[in-house]
Amino acid sequence: MRTPRPRTAVLALLSLALSFLAGASTVPAAHAAAATIASYDFESGTQGWEPRGSGVSVTAATDSAHGGTRSLLTTGRSATWHGAAVTPPFEKGVSYQVTAWARAVAGQPSSTVALTVQRTPAGGTTVYERVAAATVTDSEWVRLSGTYTYAADSALSLYAESSGETVAFQLDDIVVTADTDPTRSGLTSDFETGTAQEWTARGGATLTPGDGFAHTGAYGLGVTNRQASWDGPARTVLGKMAKGSKYDLSVWVRTDSAQSLGLSVERRLDGTPAYERVAAPRALAAGEWTRLAGTYTLAHDVDFLSVYVESAAGTEPFAIDDFQLTYVEPKPIQTDIPSLKDSLPFTVGAAFYRGATLGEHAKLITKHYQSVTPGNSLKWDATEPAEGDFTFADGDYLVDWATTNGLEFRGHTLVWHSQTPDWVFEGATKEILLQRMENHIRAVMGRYKGRIGTWDVVNEVIDENRPDGLRRSPWFEIAGLDYIRTAFRVAREVDPDATLVINDYNTEFPRKRQALYDLVKKLRAEGVPIDAVGHQLHVNVEQPPTSFIEDTIEKFAGLGVEQQVTELDVSVYTDFVTSYDTVPAEILALQGHRYREIFDVFRRQADHLSSVTIWGVADDATWLSSFPITRTNPPLPFDDELQAKPAYWGIADPGRLPPLTRSLNAPAGTVTVDGKRDDEWNLLPDAPIARIGDLSAGWQARTTSAGLYVLAEVNDPTDNKNDTVTLTVGGTPYRIQRGGTHAHGFRAHTKKTATGYRVEALLPSGTATGVKVVVADAGGQQISWAGELTPIPAIRTTRAPKRTPVVDGIVDAAWNQAPEITTGTRIQGTSGATAKVRAMWNSGTLYVLARVTDPELSEESPNAWEQDSVEIFVDPQNNKTKGYDDDDGQYRISFTGRQTVGGTFDAFAVKENLTGAATRVPGGYVVEAAIRLPTVTLAKDALLGFDIQVNDAVGATRAAAATWNDPTGRGYVDTSRWGVLQLVK
């Protein structure tokens, strides 16, 4: 997104416009006889034309023009073939009409000026093919016109020459048209001709067509002798893409050694390059073909456009085959559905990019949104890549477009630890760093004063895992809190009328919420002009509970600051591994209901919320398609074709949502039905029932041969004996009143709580698993949960006494005080290594001992999970989620003591928690571990989510694995089936 701004009358080689004088593009009518493929008017410069021949000079001159104010002046010629040349947007098999205007410079003799193509067929001899010619004088402009087509894969150059060896001449208004539209016909490369099919080497690479590189057919393209990660095969697509049009691109790749390959686009205008990713580099298994695919919308005027394959790092060889570029016919946006901006009591906006200002995307934005936020165009690396070297082309374009369309504009972001160039911190003292920051804010914010009304001044400054809650970024390490103070002070001075925001993610989680709250309260008390708090809400279809979001908004309301939701999207995944080829309809329905619940919160909190920004326009362009891994992840209200999804209806009209069938694990278990919350219920968190007004609830179930035990915790501050909970199982309703009365035939009990009441019941369920829970208050409010119960075995529990062992791989006598558990749940293989495990705790540390029986030990595999090892899973808050919370950890110690840690993203919050030791003993090995748990206060009766897994390696592969409780084999991404560890004295 860091690209030059398009200029008036700029070259638009790929536009389908009949005129380029306003820098705009339009699709020709269906009945048009010809499509304009390229147009050169030289109003913005040489537009890709370069000198041909030694001593030749090519410039955009103002002394004479056929149209406009400039033409292309060619001087310094000393041979007839000297002149000006450009790489033409020609495709084999297409017939082109080429017209141009030419004249001799004043005082020059007449000569024949010609347009010629220099063509070098693959593996053949260069030929020169005349396109058009005319006699030219210095008295008037003369029109040149001709047609051109070619049939074999070739390298091309279109050039202008003159029969007068030294004659200086001018060209203007060169137009290339075609009877067919190459920007819609697509492009394929299968290399079955045994040639490179117009793919060329990028950098120092060597391209070799051959039968040893084929994905399909007989031939593919080998890539060797790479000197840099970006060296590789490239194919010009100039003339194959139209500005504002969308394209699918894909290529199959294979590597003989593990590496990551991706697909990118290079575009240039007047010699200035820019690079955009189509398919992020993805890890490839050696010897396997993998498809790289993505979409691309050309949003800029260009005079060079190429697609290429590169690696994330390294220079290993690879092969490609079966490249495809396909035009995507745009589907008109739906104009007969409600506009989001008309259905919400606060400003609603979208993050956008240059391509979204064109075509149907632009229509979608202006129909549904009131504000826009640039994803990248105003960040530091985009606006000041080198000190004092400011680039505002993209920012200017986006602000101009928003202003023209009556949209509010949010500036994102002035100061951040990411996407900040290295030079900002190099050699910086506190004084130097703060001066650099001040210069940057004054330049960027000052440029848009009065046009950008809201700025994310500082971004992501909180690290809740630090004792003081502050991220140890280079900003903080050099300048401490003064970088935040200075940023807001300078921003207020630059634009006193702008709303200044401190922005962060995960603010819905209690620990981060509190850390940010404390910081904002402290700084505002000092007089730091923080006007608003921005909540990034990158959530998923399951987590976190919407009550967390509401709690955060209510907490900050007490500070008197404005609040904004700045980056909302809802991932369809709960972990960082799963990937769908096609997202199931039931997941999209779940996402729609999730949007409904979230926007219900926003509507209730509208008095404390000024705006909500959805982080993207539509699913065809979202950061989640490549983060944290490359996968299909549609997180937004509109799909790839800009059509409304259930997510949209969850916001605009929940009555049109598809029905939702939820699921809930129901472990085996027995409780006493007396209205008291038995310890059994605390082994799992309550499943939330979405809040309406002041009414909310959570519930659980336990299965037994006697029936179905049910718990409902109801939050309802208005105490009325006619409030009810109705549980329908197998089609039979069981109604329980708050006043304690219920129908005969089942056991139930209610009890008053601090926030409402609790219901316990034993229902005669039989084999029925379909359940509906309806909670109603006497005032008419009603909330419900409907879905299927999945009976599962009882949750295993064990205890950890308060003791402190020496962690050295030698079994202390203290361990005898802890009960022993075994890894008897097979998740791979039918036999293999097992472990006897004990746990203890003291202060903020959990201690674990595992004595493993495994006579054959191996670390041959490069993958830690395929080595003989013990994995300790810990969920400090026992949240039992389908993904990992930030403080959940997967702690692994191999039989040699090698330690690895897993968790969310790169396990940044937990990777320093583990210390351990291992010793080999006859028949196996012993592991001792100490795991710090700084996010919770360990105390008697605390419950931790807990599990143990033993990996059994045979050679370089894992042959077997066993756990204590979790039978799914997904403990590395999902905490919901772990057991429970209770801390005791």
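Criteria and thresholds
- Here the residue numbering is sequential within each chain, running from 1 through the sequence in written order.
- Two thresholds apply to this predicted model, a pLDDT of at least 70 for residue-level local features and 80 or more for giving and counting side-chain atom pairs, whereas whole-chain, interface and lining totals are computed over all residues.
- Excluded from the side-chain calculation are hydrogens and water; included are all heavy atoms of the structure.
- Secondary structure counts use DSSP, requiring at least four H or I residues in a row for a helix and at least two E residues in a row for a strand, with both numbered from the N terminus.
- Each residue is assigned to one of three classes by its accessible area relative to the maximum for its type, calculated with a 1.4 Å probe on protein chains only: buried under 20%, partly exposed between the two thresholds, exposed over 50%.
- Note on definitions: a residue-residue contact is assigned when non-hydrogen atoms from the two residues lie within 4.5 Å.
- The predictor reports its confidence for every residue as pLDDT, a score running from 0 up to 100.
- A side-chain nitrogen of Lys or Arg and a carboxyl oxygen of Asp or Glu constitute a salt bridge if their distance falls within 4 Å.
- Two rings from Phe, Tyr or Trp (for Trp, the six-membered ring) form a pair when their centres sit within 6.5 Å of each other. Planes less than 30 degrees apart are called stacked, planes more than 60 degrees apart edge-to-face, and all others tilted.
- Two conditions define a charge sitting above a ring: the NZ of Lys or the CZ of Arg must be within 6 Å of the ring centre, and it must be within 35 degrees of the ring normal.

Enquirer: Report on the environment of Ala84, specifying residues and quantitative values.
Expert: Relative to the assigned elements, Ala84 resides in strand β5 (residues 83-86). For Ala84, a relative accessible area of 0% gives the class buried. Sequence-wise, Ala84 and Thr46 are 38 residues apart; in three dimensions their C-alpha atoms are separated by 9.7 Å. Apart from the residues lying within four places of it in its own chain, the contact partners of Ala84 are Trp49, Glu50, Arg52, Val58, Leu72, Thr74, Leu158, Tyr159 and Ala160.

Enquirer: Give a detailed account of the confidence of the model for the chain, specifying residues and quantitative values.
Expert: On average, residues of the chain score 93 in pLDDT, and 97% of them reach the 70 mark or higher. Counting contacts from residues 1-32, a segment whose pLDDT is below 50, to residues more than four positions away or on other chains yields 105 contacts.

Enquirer: Explain the pattern of salt bridges to me, using residue names and the numbers behind them.
Expert: Counted by the stated rule, this structure contains 52 salt bridges. Residue Arg442 is joined to Glu438 by a salt bridge in which the shortest nitrogen-to-oxygen separation is 2.9 Å. Placement of both Arg442 and Glu438 in helix α5 (residues 430-447) is noted, with a separation of four residues, approximately one turn of the helix. Residues Asp723 and Arg738 are paired through a salt bridge, measuring 2.8 Å at the closest nitrogen-oxygen approach. Of this pair, Asp723 sits in the loop between β35 (707-715) and β36 (724-729) while Arg738 sits in the loop between β37 (732-737) and β38 (747-752), placing them 15 residues apart in sequence. By the burial criterion, Asp723 is buried, and Arg738 matches it. In this structure, a network of salt bridges that share partners links the residues Lys430, Asp482, Arg485, Lys522 and Glu526.

Enquirer: So, the packing of aromatic side chains: which residues are in play, and what are the values?
Expert: Scanning the entire structure with this criterion turns up 31 aromatic pairs. Judged by centre distance (6.2 Å) and plane angle (70 degrees), the ring pair of Trp380 and Trp423 falls under edge-to-face. With Trp380 in helix α3 (residues 380-383) and Trp423 in the loop between β25 (408-416) and α5, the pair connects residues that are 43 residues apart, well separated along the chain. Look at Trp380 and you get buried, because its relative accessible area is 2%. Its relative accessible area of 13% is what places Trp423 among the buried residues. With a centroid separation of 5.4 Å and an interplanar angle of 40 degrees, the aromatic rings of Phe638 and Tyr648 are classed as tilted. Taken together, the residues span a long stretch of sequence, with Phe638 in the loop between β31 (611-614) and α11 (646-652) and Tyr648 in helix α11 at a distance of 10 residues. Judged on exposure class, the residue Phe638 and its partner Tyr648 are both buried. Sitting above the plane of the Tyr308 ring, Arg202 keeps its charged end 3.5 Å from the centroid. Positioned over the ring face of Tyr517 is Lys555, at 4.3 Å from the centre of the ring.

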